[in-house]
Amino acid sequence: MSQIQKSPQPPTGQSPEPVPPSGAAPHGKAAGAAWRGDLSASAVIFLLSVPLSLGIALATGAPLQSGLVASAVGGIVAGLLGGAPLQVTGAATGLLVVTADLVQRYGWRATCLITVLAGLAQLALGALRVARAALAVSPAIVHGMLAGIGVTIAVGQLHVVLGGRPDSSAVENAAALPGQLAHPHTTALLIGAVTVAVLAGWPRLPGRAGRRARLLPAPLAAVLATTAVSAGTAVPRVELPSWRLPEPPVLPDASLAALAAAVLTVTLVASMESLLSAVAVDRLAAERPGTPPGRPQLNRELAGQGLANVVSGLLGGLPVSGGAIRGSANVRAGAATRRATVLHGVWVLLCAGLLAGVLELIPLAALAALVMVVGVRMVSFVHLRHVQRHREFPVYAATSAAVVLFGVLPGVLTGIAVGIFLALRRLTHTRIQVTEESGRHRVRVSGQLTFLAVPRLTRGLAQVPPGADAVVELCGSFMDHAAYEALQSWATTHRAAGGSVALGGRSGRPLAEPVSAHSCRPWTPWRNHHCTRPAADHTDAHPSGGQLLGGVSAFQRHTAPLVREELARLAREGQRPTQLFLTCADSRLVTSMITSSGPGDLFTVRNVGNLMPPPGSDASCDSVAAAVEYAVEVLRVESITVCGHSGCGAMAALLDAAGTPPPSDEATPLARWLRHGHPSLARMARIGRLGRGEVAFVERPVADDHERLALVNVRQQLDHLRAHPCVARRMAEGTLTLHGMYFHVAEAQAYLLDERSGRFRAVRADVPAVGV
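Residues numbered from 1 in each chain as written. Predicted model: local features only at pLDDT ≥ 70, side-chain atom pairs only at ≥ 80, totals over all residues. Heavy atoms only, no water.

Enquirer: Any chance you could explain the overall build of the protein chain here in plain terms?
Expert: A tally of helices and strands in the protein chain yields 30 helices and 13 strands. Counting the 772 residues in the protein chain, one finds 46% classified as buried. Carbon and sulfur atoms form 62% of the exposed surface of the protein chain, whose accessible area is close to 36,900 Å². (Helix = DSSP H or I, 4+ residues; strand = E, 2+ residues; numbered from the N terminus. Buried < 20%, exposed > 50% of the residue type's maximum accessible area, 1.4 Å probe, protein only. Areas by Shrake-Rupley, 256 points an atom, 1.4 Å probe, with all protein chains shown as cover.)

Enquirer: Please clarify how the state of the cysteines should be interpreted in this entry.
Expert: Working definition: the covalent bond between the sulfur atoms of two cysteines is a disulfide. Inspection of the entire model under this criterion finds zero disulfides. Of all cysteine sulfurs in the structure, the one in Cys584 sits closest to Cys648, which takes part in no disulfide; the separation is 4.2 Å. Given a relative accessible area of 5%, Cys648 falls into the buried group. (Disulfide = S-S within 2.5 Å.)

Enquirer: Can you walk me through empty space enclosed by the protein in this structure?
Expert: Over the atoms rolls a probe the size of a water molecule, and its path tells where empty space is left. Following the criterion strictly, the structure yields one cavity of 30 Å³ or more and no others. The calculated volume of the largest cavity comes to roughly 30 Å³. Residue lining of the largest cavity: Ile56, Thr60, Ala91, Ala92, Leu95, Thr99, Leu318 and Pro319, and that is the complete set. Residues that form the lining of the largest cavity fall into these classes: six nonpolar, two polar and no charged. (1 Å grid on protein atoms, 1.4 Å probe; cavity = no way out; pocket = protein on both sides within 12 Å on 5 of 7 lines; lining within 4 Å. Points joined across faces, edges and corners; volume = space filled by probe spheres on them. Nonpolar A, V, L, I, M, F, W, Y, C, P; charged D, E, K, R; others polar.)

Enquirer: For this particular structure, what's the right way to read the nonpolar core?
Expert: A general trend in soluble globular proteins is that nonpolar side chains are found buried together. Within the largest apolar cluster, 64 residues are counted, with the highest numbers of intra-cluster contacts made by Val50, Leu54, Leu68, Ile114, Leu318, Leu359 and Val408. Considering each element in turn, this core owes the most residues, eight residues, to helix H2 (residues 64-81). Counting 54 residues, the second largest nonpolar core, distinct from the first, contains Cys584, Val605, Ile640 and Leu655. (Core = buried A, V, L, I, M, F, W, Y, C linked by side-chain atoms within 4.5 Å.)

Enquirer: So what exactly am I meant to see when it comes to a nonpolar patch on the surface here?
Expert: A surface patch of nonpolar side chains, amounting to about 450 Å² of accessible area, comprises Leu413, Ile416, Ile420, Leu424 and Leu427. As for its position among the elements, Ile420 is in helix H19 (residues 408-428). The exposure class of Ile420 is partly exposed, given its relative accessible area of 49%. (Patch = residues over 30% accessible without salt bridge, like charges linked within 9 Å, V, L, I, M, F, W, Y side chains within 5 Å. Salt bridge = Lys/Arg side-chain N within 4 Å of Asp/Glu carboxyl O.)

Enquirer: Honestly, the sheet that holds strand S10 (residues 696-697) in this entry has me stumped. Any pointers?
Expert: Sheet strands pair by backbone hydrogen bonding; their relative direction is either parallel or antiparallel. Overall, mixed pairing links the seven strands, which are arranged S8-S7-S9-S11-S12-S13-S10 in an open sheet. Each of the sheet's edge strands pairs with one partner strand only, and the pair in question is strand S8 (602-607) and S10. With six bridges connecting them, strand S7 (residues 579-584) and S8 associate as parallel partners. Across the sheet, residue Phe581 finds its bridge partner in S8, namely Thr604. Together, strand S9 (639-645), S10, strand S11 (737-744), strand S12 (749-754) and strand S13 (759-762) form the strand contacts of helix H29 (residues 705-723), whose direction differs from that of S11 by roughly 160 degrees. (Pairing = 2+ DSSP bridges. Contact = heavy atoms within 4.5 Å. Axes fitted to C-alpha atoms, helices over the stretch in contact; angles between N-to-C directions.)

Enquirer: Explain the packing of aromatic side chains to me, please; I cannot follow it from the model alone.
Expert: Aromatic rings in a pair are described by how distant their centres are and how their planes are angled relative to each other. Taken as a whole and assessed by the stated rule, the structure comprises six aromatic pairs. Consider the rings of Phe393 and Tyr396, whose centres lie 6.3 Å apart with planes at 25 degrees: the pair is stacked. Remark: Tyr396 and Phe393 occur in helix H18 (residues 393-406); sequence separation between them is three residues, near one turn of the helix. Its relative accessible area of 35% is what places Phe393 among the partly exposed residues. The class of Tyr396 is buried, set by a relative accessible area of 7%. Among the aromatic residues, those joined into a ring-pair cluster are Phe697, Tyr742, Tyr751 and Phe760. Of note, Arg339 hangs over the ring of Trp35, and the distance from its end group to the ring centre comes to 4.1 Å. The positively charged end of Arg700 is found above the aromatic ring belonging to Phe697, 4.0 Å away from the centroid. (Phe/Tyr/Trp six-rings, centres within 6.5 Å; stacked < 30°, edge-to-face > 60°. Lys NZ or Arg CZ within 6 Å of the ring centre and 35° of its normal.)

Enquirer: What am I meant to see in the side chain of Glu301 here?
Expert: Summarising the element assignment, Glu301 is placed in helix H12 (residues 298-314). Polar side-chain contacts of Glu301 include one of 3.2 Å to the side chain of Gln87. If we skip the residues at most four places from it in the chain, Glu301 touches Gly82, Gly83, Ala84, Gln87 and Thr89. (Polar contact = N/O pair within 3.5 Å; in protein donor to acceptor, adjacent residues only side chain to side chain.)

Enquirer: Please clarify how the pairing of S13 should be interpreted in this entry.
Expert: Side chains on a regular strand alternate between the two faces of the sheet. By the bridge criterion, two bridges tie S10 to S13 in an arrangement that is parallel. Residue pairing in the sheet places Phe697 in a bridge with Phe760 of S13. The sheet contact formed by S12 and S13 spans four bridges and is antiparallel. Each residue of the ladder has a partner; that of Leu752, found in S13, is Arg761. Hairpin geometry of S12 and S13 is characterised by an intervening segment of four residues between the two adjacent antiparallel strands and by a positive phi of about 75 degrees at Gly758.

Enquirer: Help me out: how do you make sense of unusual backbone geometry in this one?
Expert: Outside of glycine, negative phi angles account for most residues, and trans bonds account for most peptide bonds. A positive phi angle, close to 50 degrees, is found at Ser596, a residue other than glycine. By secondary structure assignment, the location of Ser596 is in the loop between helix H24 (591-594) and S8. With a phi angle near 40 degrees, Asn610 is a residue other than glycine that sits in the positive phi range. Locating Asn610 in the fold gives a position in the loop between S8 and helix H25 (622-634). A relative accessible area of 2% places Asn610 in the buried class.

Enquirer: Help me out: how do you make sense of the packing of H2 against helix H14 (residues 339-354) in this one?
Expert: H14 packs onto H2 with a crossing angle of 150 degrees between their chain directions and a minimal axis gap of 7 Å. On the basis of their axis angle, the class for H2 and H14 is roughly antiparallel. Pair H2 / H14 crosses with left-handed handedness. Residue-level inspection shows Leu68, Ser71, Ala72, Gly75, Ile76, Gly79 and Leu80 of H2 in contact with H14, the latter providing Thr341, Val342, His344, Gly345, Val346, Val348, Leu349 and Ala352. In the contact of H2 with H14, the residues fall into nine nonpolar, six polar and no charged. (Parallel < 35°, antiparallel > 145°, perpendicular 65-115°, else oblique. Left-handed = near helix turned anticlockwise from the far one by under 90°.)

Enquirer: Would you mind going over the packing of H18 against H19 with me for this structure?
Expert: The packing of two helices is summarised by the inter-axis angle and the distance between the axes. The geometry of H18 relative to H19 is characterised by a closest axis approach of 7 Å and an angle of 155 degrees between their N-to-C directions. Taken together, the axes of H18 and H19 are roughly antiparallel relative to one another. H19 is crossed by H18, and the crossing has right-handed handedness. Of the residues in H19, those touching H18 at Pro394, Val395, Ala398, Thr399, Ala402, Val403 and Phe406 are Val408, Pro410, Gly411, Thr414, Gly415, Val418, Gly419 and Leu422. By residue class, the composition of the contact of H18 with H19 is ten nonpolar, five polar and no charged.

Below is the structure:
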């Protein structure tokens, strides 16, 4: 709603505390809070890292203490020297398959030397400042590599859960699985089942007791439960050798080419996993209120990872890398500085020296089940959906299959080869259609016109009869010299035979017309358009809708040719949006503009005041609830965003009506609808009376009561959403998230809600928001 009925009041909000610049040390109360957050987070990731590092060591066939060494070294060395302060480094999950193969092929001491050499290679790459270039690898290749590794891990560790031993390759493990399933080890299978059940159910524990229990990481809870269940049973358990000076690494008995391939594989996988994790953890941390601005120093992070691998290899530890699992747990636990990851390394070191007897009570089947679940979760269906939407599934599938069948490095190279092939195919794929319309022949060329397409082009042009009128539409963005010469030669010959030729770009515009001649964008207001002014005959026929009809006509001329192929795909496949966007019906709020979204991206619900009636409201309000149910249950959206805005007429009407009796049954439909905003009005009154839980901006004060009510209304409608059963169930499953947003129209600035603090933070242009 665009109506504003009151003049702005003086600002009443309080200015937020200044945020120290990136790298600056907090002082006073902020320093104490940072220390408490780091200490708490270090304990959480320590409890997460110990069972995970032991499980990775078990799965690779390395000494179990090597996992603890990797976690301690990764936490202390990479934590102190890396360029991503909140990243947590430890035993590399993505290198599990590679390390297992190296241990089996060359032995443990030779694997340690390969780890050292890979660390030196990472140091060199960091010095050459190539870390940012590593992120240019297609996400389909990266996620395909991780999925292939995850499948290999899961199939191999399933043998251990069933009481057997894994073979050297995923194919052999899969072939031997039916026989293993026919004769499982009952006790080991029970331990594995308990581990999987706790890992799956721990995040879903209900109630206040469940929230308190979830402070304990799920892997530690699973290991504790299975240790208790297996007490008194004769099952293989952790065996830590007595600590002694590590033996020096030795050269593997392999050719120079084989050694170089092994080092390259470890370097590639560890570096990619660390850099991608650093970026993901930084984006997650940027969502928290009070986080200092700054981006990870990727070259420094790569060098820090390299030094950590050198030290880990020399001390007999596994290869290390940054991990998204540990890093995200660190951020969510409240870490403020790099102290958290360094302290976690110190706790792992103390645990290995003082609690070895306790660790030896853990059954090996529990660790195998833990690593198996980690492998399964590396096959992300969310990433698979994104890859499919971007038409890169062949790259993903080829990479995954090659990793499973041949190994990590061949798999990555296969993915790169398939990606290059698809890029070349898209570049050279040209479709030529010849149609006849009212005696005129139209030749439509879709795709890029290169020398490879010249034979098809000449065959298509030959279908135009001599002397006919012809229009050639070029819908691609590139035409090389060979295609240009072929087209011009045919046009000259056709005109000489008495025919006419009109050569044009998209929609038949002449090629001589500059590309920038049409400067209007789809969201430019009508009053600023020159190309949407309706023709006189259209205005006469439709006097009230002439401007609308002119806009539709401009769409058909300029935009339809650009989106026709994409809309045709959506028509075939159906809509599959990932986001539900609930916002106001205000004409100034253009959702596709402020979200940079296109067809098929958003399922949008708009109403007066962006209201979400709670369950049990008047049946006449079922429209919004029905749209939400359809989006959540049928379309399976992954998030719902409630977006309020400045200058909302609905909020102004609610404030004007405050203190008056509720509307009677004879009230207008608008007044009856606005009754659903009364809880927001009452909530703001409670905030003012009690002086607690006030919504605010991080960067500036709240301007007036109109803006304050709009912010409170966003929070209130989120609460109404949570009360709907379908939303509550999906949130409990962890498959749906809710977000609050506020858009200031005059500033063209979006703000995101942090519900823990109740504060709205401006979305910066240089840091994309995650999860919305």
